[in-house]
Amino acid sequence: MANLVEATTQQQFEDFLAKAGKCLTVVHFQAAWASQCEQMNGVMAELAKEHGHTTFVKLEAEEVPEVSEKYEITAVPTFLFFKGGEKVDRLDGANAPELTKKVARLAVTGSPGGAAENSVTDLNQRLKKLINAAPCMLFMKGSPQEPRCGFSRQIVALLKTHNIQFGSFDILSDEEVRQGLKTYSNWPTYPQLYANGELVGGLDIVKELAESGELENTCPKAVTLEHRLKTLINQSPVMLFMKGNKEAARCGFSRQTLELLNETKVDYDTFDILQDEEVRQGLKTYSNWPTYPQLYVKGELIGGLDILKELKESGDLVSVLKGES
């Protein structure tokens, strides 16, 4: 297959890139001893049949160390994607579905110039979506649970210390985003923090904001569980926390409670505790009431099913629900 080749020297590698021009070149950094590489070569062979204008290059990582070192190849299999001699994306590991997806997205279709222009537009739209994925968005190396560089570790610690709620994106997982965001934001390094779609800056800027007390004003703070419970309890004048919802109770006690409330003709809202474990456990402690359902009127706990039955028998249920007693 003419578009499935092997590079055994740095010169050969560079020649393949030059020959491909603006068309996509996929380079598989492999090792003969790694069975995963052999499997991915099979995937590449199939992709080569489908994408005739894309060049697929196999390169023994340990035998051409100058290329491997230049592109920071530390494990096999690793795939690099090139256009016009420039690296545009990266894939670490044996992930056949992701390789197929990246090749389909990056392969040039139509005229090279038009494809490149469309590619930039698509990337900018993607970056804009990512930046606005959360009110406060951190682009970092690794994840908040496992930062993969010292700067990323420090910025995560700062945000957590100041109780800042943030989403994150691992730039090591997507070379296109990693390189594209530098141009898009005109900021050459990582991590990068965005608030409400606008670049805040890197670690030094965040440190300065933290020291001046401005960080909390710049980024939205995490909503505490207590604040969230208080908001939910006051969501409606009469609020029932139950298993299921008005249309479909998921336990006998909840079903009986709905029947009692429906008889009163008083409006009420419900919250399904089965959909949110944090609320389910937290509300027990907050209200000091260990079971469900729980009924609140104007933010105050009335009780569970037994209390409602007693109120009905005494004739006080409607007045309690209306907040009259």
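As a reminder, the structure under discussion sits directly above these lines.
Our subject in this report is the structure included herewith. (Residues numbered from 1 in each chain as written. Predicted model: local features only at pLDDT ≥ 70, side-chain atom pairs only at ≥ 80, totals over all residues. Heavy atoms only, no water.)

**Some points on the nonpolar core**
Thought 1: Counting residues in each nonpolar core, the largest one holds 18 residues, and the members touching the most others are L138, L159, L193, L215 and C219.
Thought 2: Sorting the residues of this core by element identifies β6 (136–140), α6 (150–161), β8 (192–195) and α8 (203–212) as the ones contributing at least two each.
Thought 3: Among the nonpolar cores identified, the runner-up in size contains 17 residues, and Y268, V297, L308 and L311 belong to it. (Core = buried A, V, L, I, M, F, W, Y, C linked by side-chain atoms within 4.5 Å. Buried < 20%, exposed > 50% of the residue type's maximum accessible area, 1.4 Å probe, protein only. Helix = DSSP H or I, 4+ residues; strand = E, 2+ residues; numbered from the N terminus.)

**Examining the packing of α6 against α8**
Thought 1: Remark: α6 packs on α8, axes separated minimally by 10 Å, with the N-to-C direction vectors making an angle of 25°. The pairing of α6 with α8 is recorded here as roughly parallel in orientation. The interaxial crossing formed by α6 with α8 has left-handed handedness. Of the residues in α8, those in contact with F151, Q154, I155 and L158 of α6 are L203, V206, K207 and A210.
Thought 2: Of the residues in the contact of α6 with α8, the class split is six nonpolar, one polar and one charged. (Axes fitted to C-alpha atoms, helices over the stretch in contact; angles between N-to-C directions. Parallel < 35°, antiparallel > 145°, perpendicular 65-115°, else oblique. Left-handed = near helix turned anticlockwise from the far one by under 90°. Contact = heavy atoms within 4.5 Å. Nonpolar A, V, L, I, M, F, W, Y, C, P; charged D, E, K, R; others polar.)

**Considerations on the pairing of strand β7 (residues 167–170)**
Thought 1: A one-sided burial pattern is seen for β7, the buried positions being G167 and F169 and the unburied ones S168 and D170.
Thought 2: Strand direction decides the pairing type here: β6 and β7, joined by four bridges, are parallel. Pairing of F139 across the sheet is with F169, part of β7.
Thought 3: Of the crossover connections in this fold, the one passing from β6 over α6 to the parallel β7 is right-handed. (Pairing = 2+ DSSP bridges. Right-handed = clockwise from strand over helix to strand, strands pointing away.)

**Here we look at unusual backbone geometry**
Thought 1: Omega for the bond connecting V76 with P77 falls within 30 degrees of zero, at -5°, which places this linkage in the cis form.
Thought 2: Within the secondary structure layout, P77 lies in the loop between α3 (65–70) and β4 (78–83).
Thought 3: Omega for the bond connecting Y190 with P191 falls within 30 degrees of zero, at 5°, which places this linkage in the cis form.
Thought 4: With respect to the helices, strands and loops of the structure, P191 is situated in the loop between α7 (175–185) and β8.
Thought 5: At N186, a position not held by glycine, the phi torsion is positive, near 55°.
Thought 6: For N186, a relative accessible area of 69% puts it in the exposed group.

**Regarding the pattern of salt bridges**
Thought 1: Summed over all chains, the structure comprises 14 salt bridges.
Thought 2: In this structure, the salt-bridge partner of R126 is D174, at a minimum N-O distance of 2.6 Å. With R126 in helix α5 (residues 112–131) and D174 in the loop between β7 and α7, the pair connects residues that are 48 residues apart, well separated along the chain.
Thought 3: The closest approach of N and O atoms between R126 and E176, which form a salt bridge, is 3.5 Å. In this pair, R126 sits in helix α5 while E176 sits in helix α7, placing the two residues 50 residues apart along the sequence.
Thought 4: In this structure, a network of salt bridges that share partners links the residues D89, K102, R105, R126, D174 and E176. (Salt bridge = Lys/Arg side-chain N within 4 Å of Asp/Glu carboxyl O.)

**Overview of a negative patch on the surface**
Thought 1: Where like charges cluster on the molecular surface, the negative patch consists of E14, D15, E66 and E69.
Thought 2: Within the residue set of the negative patch, elements represented by two or more residues are α1 (10–20) and α3.
Thought 3: Here E14 is to be found in helix α1. (Patch = residues over 30% accessible without salt bridge, like charges linked within 9 Å, V, L, I, M, F, W, Y side chains within 5 Å. Areas by Shrake-Rupley, 256 points an atom, 1.4 Å probe, with all protein chains shown as cover. Lys, Arg positive; Asp, Glu negative; His and termini not counted. Charge placed at Lys NZ, Arg CZ, Asp CG, Glu CD.)

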